[in-house]
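Each chain, letter by letter, is given below.
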Amino acid sequence: MNAAPPSVATPAAPLRQRGQHEVFCGLTSIIWLHRKMQDAFFLIVGSRTCAHLMQSAAGVMIFSEPRFATAIIDERDLAGMADMNDELDGVVARLLERRPDIRLLVLVGSCPSEVIKLDLARAAERLNGLHMPDRRVMSYSGSGIETTFTQGEDNFLAALVGSCEREAPDAPASLVVAGCIADIAEEQFLRIFEALGIANVSFLPPRRSGATPAIGPNTRFLLAQPYLTAAASALEARGAARIAAPFPLGEEGTTEWLRAAADAFGVEARKFDAITAAGRERARKAVSRHRERFQGKRVFLFPDSQLEPSLARFMSRELGAQIVEIGTPFLNRQIAASEIDLLPKGIRWSEGQDVDRQIDRCREAAPDLIICGMGLANPFEAEGRTTKWSIEFVFSPIHGYEQAGDLGELLTRPFARRDVLTVEV
Ligand code: SF4
């Protein structure tokens, strides 16, 4: 018999239940990474299942040259009848010959490559010997055995940091913003940093693979996404220092994120207020349109993207929601500390998942909105519950002042849809 869960599980002692969990694997991150880095190519070393996942998740591009593909490990490879490394070298040589636009080739590990212990880091090293300096090859794991979908980006960025140059000892102070965000949000942040007088700002991942920043003890970094535990460790291992902040979602999150950077670079409070005032006002106004609809709504978040604490903070403080449970696949208490401080007490936190028990808790709580993965959303909708796919928050431009209203809109849209779908009989 299962013991009843505690009504309140805190961030310090979240509810931890282990069982089946429902979340995409790290390969899914290629969908947004390949759009961001325009001269990179992601070659999954995996099975037909991996290829099908990517094709159905990203859509099949018939008329354009895609920037991801799968090198299929077939039965001969699994049976050890072929030399996987030779086969991989052949696939890479043909690909690079056909696609001179590729500057960075990323080998992405999967469950099958992990099971047969194919060493992709070593393969990347060997291929670099053949193709450098014109083309660079690196690797990371997106395997579903060890990663959820946002951890794919985390592993990729950690590997990318490993390939960044070391900062010169007399390098001026610099700021690295780590985490894939929409180009439009990146440009807006860059303008604000410039106005604040913060120079030498770069973004990870950059749009072109040759634009990776040099990293060292004069580097400060701000995470733009909360799921970057491995990338943050890689940056710290190079001597860079993390600027602790909430994440730039909503007016408050964006202001506190920018303020943390401004404080770290010695920008005067008066200057900061003057430069951010107009953006804050626009964001507040845009969010207030959605607050009326959202106020008092009870929300249950299933573990999926690791954005859950930041979304809960935005919904609670800017939209007036009541949060029932914040589920997250992993809770990095250091990285999430600023979000935890802003959230009201009394919310139940859960880390990891036993999906059946969590579904029971959710049904019992009967929330107004459920934020969850795609696999759970449809069955919940069939029960007449209102849901939102968490993966949409990773695909959509939601960071910064100008996107705060869009984030509010994304969260209120399920209520509008439910109103349209509800038919009185
Ligand atoms: S990496 Fe694993 S979980 Fe992901 S699609 Fe391939 S086999 Fe499935």
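In this text the structure is predicted, and so the values were computed from the model without any measurement. Position labels on residues start from 1 in each chain and follow its written sequence. Given that the model is predicted, a residue must reach a pLDDT of at least 70 before its local features are reported, and side-chain atom pairs must reach 80 or more before they are shown or counted; all residues, however, enter totals for whole chains, interfaces and linings.

A few points about the overall build of the chain
Phase 1: Counting from the N terminus, the helices are DSSP H or I runs at least four residues long and the strands are E runs at least two residues long. In terms of helices and strands, the chain carries 17 helices and 13 strands.
Phase 2: Only C-alpha atoms enter the radius of gyration, while the globule expectation follows 2.2 Å times N to the 0.38, with N the number of residues. Relative to a compact globule of 425 residues, whose C-alpha radius of gyration would be 22 Å, the chain shows 22 Å and is just as compact.
Phase 3: Along the longest, intermediate and shortest principal axes, the C-alpha atoms of the chain span 60 × 55 × 45 Å.
Phase 4: The buried share among the 425 residues of the chain stands at 48%.
Phase 5: Our contact criterion uses C-beta atoms placed from the backbone: two residues qualify when those atoms are within 7 Å. Pairs at least 24 apart in sequence give 76% of the contacts found in the chain among residues at least 6 apart. Each residue is classed by its C-beta neighbour count within 10 Å, where at least 20 other C-beta atoms makes it buried, 12 or fewer makes it exposed, and intermediate counts make it partly exposed; the C-beta atoms are placed from backbone geometry.

Regarding the site of the ligand
Phase 1: Around the ligand lies a shell formed by Cys25, Leu27, Gly46, Ser47, Thr49, Cys50, Leu53, Ser110, Cys111, Ser143 and Gly144.
Phase 2: In terms of residue count, helix H2 (residues 48-58) provides more of the shell around the ligand than any other element does, 3 residues in total.
Phase 3: Side-chain classes are defined by residue name, with Ala, Val, Leu, Ile, Met, Phe, Trp, Tyr, Cys and Pro counting as nonpolar, Asp, Glu, Lys and Arg as charged, and the others, Gly among them, as polar. When its residues are assigned to classes, the shell around the ligand shows 5 nonpolar, 6 polar and no charged. Contact assignment follows one rule, namely that a residue is near a molecule or strand if its backbone-placed C-beta atom lies within 6 Å of it.

Things to note about the sheet that holds strand S8 (residues 241-242)
Phase 1: Any two strands are treated as partners once DSSP identifies two or more bridges connecting them. Judged by pairing direction, the sheet is parallel, and its 4 strands sit side by side in the order S6-S5-S7-S8 without closing on themselves. The two strands at the open ends of the sheet, each matched to only one other strand, are strand S6 (201-204) and S8.
Phase 2: Across 4 bridges, strand S5 (residues 174-178) lies against S6 in parallel orientation. Along S6, the bridge assignment pairs Val177 with Phe203.

Quick look at the sheet that holds strand S4 (residues 136-141)
Phase 1: Pairing in this open sheet of 4 strands is parallel, and the strands run S2-S1-S3-S4 from one edge to the other. Each edge of the open sheet carries a strand with a single partner, namely strand S2 (68-72) and S4. With direction set aside, neighbouring strand axes in the sheet form an average angle of 25°.
Phase 2: Two elements, strand S1 (residues 40-46) and S2, share 5 bridges in a ladder whose sense is parallel. Note on definitions: angles span 0 to 180 degrees between N-to-C directions of axes, and those axes are lines fitted to C-alpha atoms, for helices only across the stretch in contact.

Observations regarding unusual backbone geometry
Phase 1: For the bond from Met132 to Pro133, the omega torsion is 5°, close enough to zero to count as cis.
Phase 2: On the secondary structure map, Pro133 appears in the loop between helix H6 (120-131) and S4.
Phase 3: In this structure, Pro205 follows Leu204 across a cis peptide bond, with omega equal to 5°.
Phase 4: Inspection of the secondary structure puts Pro205 in the loop between S6 and strand S7 (219-223).
Phase 5: Positive phi is not limited to glycine here, since Asn200 has a value of about 55°.
Phase 6: Assignment of secondary structure puts Asn200 in the loop between helix H8 (183-196) and S6.
Phase 7: Positive phi outside glycine occurs at Ala366, with the angle close to 45°.
Phase 8: Tracing the chain through its elements places Ala366 in the loop between helix H14 (355-365) and strand S12 (369-372).

A word on the environment of Ser139
Phase 1: Looking at the secondary structure, you find Ser139 in strand S4.
Phase 2: Spatially, the C-alpha atom of Ser139 lies 8.3 Å from that of Leu105, the residues being 34 residues apart in sequence.
Phase 3: Those residues in contact with Ser139 that lie beyond four places of it in its chain are Val106, Leu107, Gly109, Leu120, Ala121, Ala123, Ala124 and Ala159.

Digging into the environment of Ala337
Phase 1: Note on placement: Ala337 falls in helix H13 (residues 337-342).
Phase 2: In this structure Ala337 comes out as partly exposed when scored by C-beta crowding, with 15 C-beta atoms within 10 Å.
Phase 3: In sequence terms Ala337 and Pro246 are 91 residues apart; their C-alpha atoms lie 7.9 Å from each other.

Some details on the domain arrangement of the chain
Quoted interface sizes are often the accessible area lost when the parts come together.
Phase 1: Boundaries of every domain are those given by an automatic assignment or by a domain database. Domains assigned within the chain are domain 1 (26-147), domain 2 (174-272) and domain 3 (288-421).
Phase 2: Residue-level contacts link 23 residues of domain 2 with 26 residues of domain 3.
Phase 3: Among the elements that take part in the side of domain 2 that touches domain 3, helix H10 (residues 250-264) stands out by supplying 5 residues, more than any other.
Phase 4: Per-class residue counts for the side of domain 2 that touches domain 3 are 16 nonpolar, 5 polar and 2 charged.

Overview of the pairing of S1
Phase 1: Of all the 7 residues making up S1, 7 are buried; the element is thus mostly covered by neighbouring parts of the structure.
Phase 2: Across the two faces of S1 the burial is the same, with Ala40, Phe42, Ile44 and Gly46 and Phe41, Leu43 and Val45 all buried.
Phase 3: Inspection of the sheet shows S1 paired to strand S3 (residues 104-109) by 6 bridges, in the parallel sense. Within S3, the position partnered with Phe41 by the bridge is Leu105.

A word on H8
In an α-helix, one full turn covers 3.6 residues, which means residues spaced three or four apart are oriented alike.
Phase 1: In a regular helix each residue adds 1.5 Å, so 14 residues correspond to 20 Å; H8 covers 20 Å between its end C-alpha atoms and thus fits that length.
Phase 2: Buried residues of H8: Ala185, Glu186, Gln188, Phe189, Ile192, Phe193 and Leu196, and no others. Across the axial projection of H8, the buried residues extend over an arc of 165°, all falling on one side. Of the exposed residues in H8, those oriented more than 90 degrees away from the buried face are Asp183, Glu187, Arg191 and Glu194. By definition here, a helix of n residues has an expected span of 1.5 Å times n minus one. Think of the arc as the fan of directions from the helix axis to the C-beta atoms.

A look at the packing of H8 against helix H11 (residues 269-294)
Phase 1: Running from amino to carboxyl end, H8 crosses H11 at an angle of 145°, the nearest separation of the two axes being 10 Å. Note on packing geometry: the crossing formed by H8 with H11 is right-handed. Between H8 and H11, the contacting residues are Ile192, Ala195 and Leu196 on the first element and Lys271, Phe272 and Ile275 on the second.
Phase 2: Taken together, the residues that form the contact of H8 with H11 break down as 5 nonpolar, no polar and 1 charged. Each crossing is labelled by how the near helix is turned from the far one, with a counterclockwise turn of less than a right angle marking it left-handed and a clockwise turn marking it right-handed.

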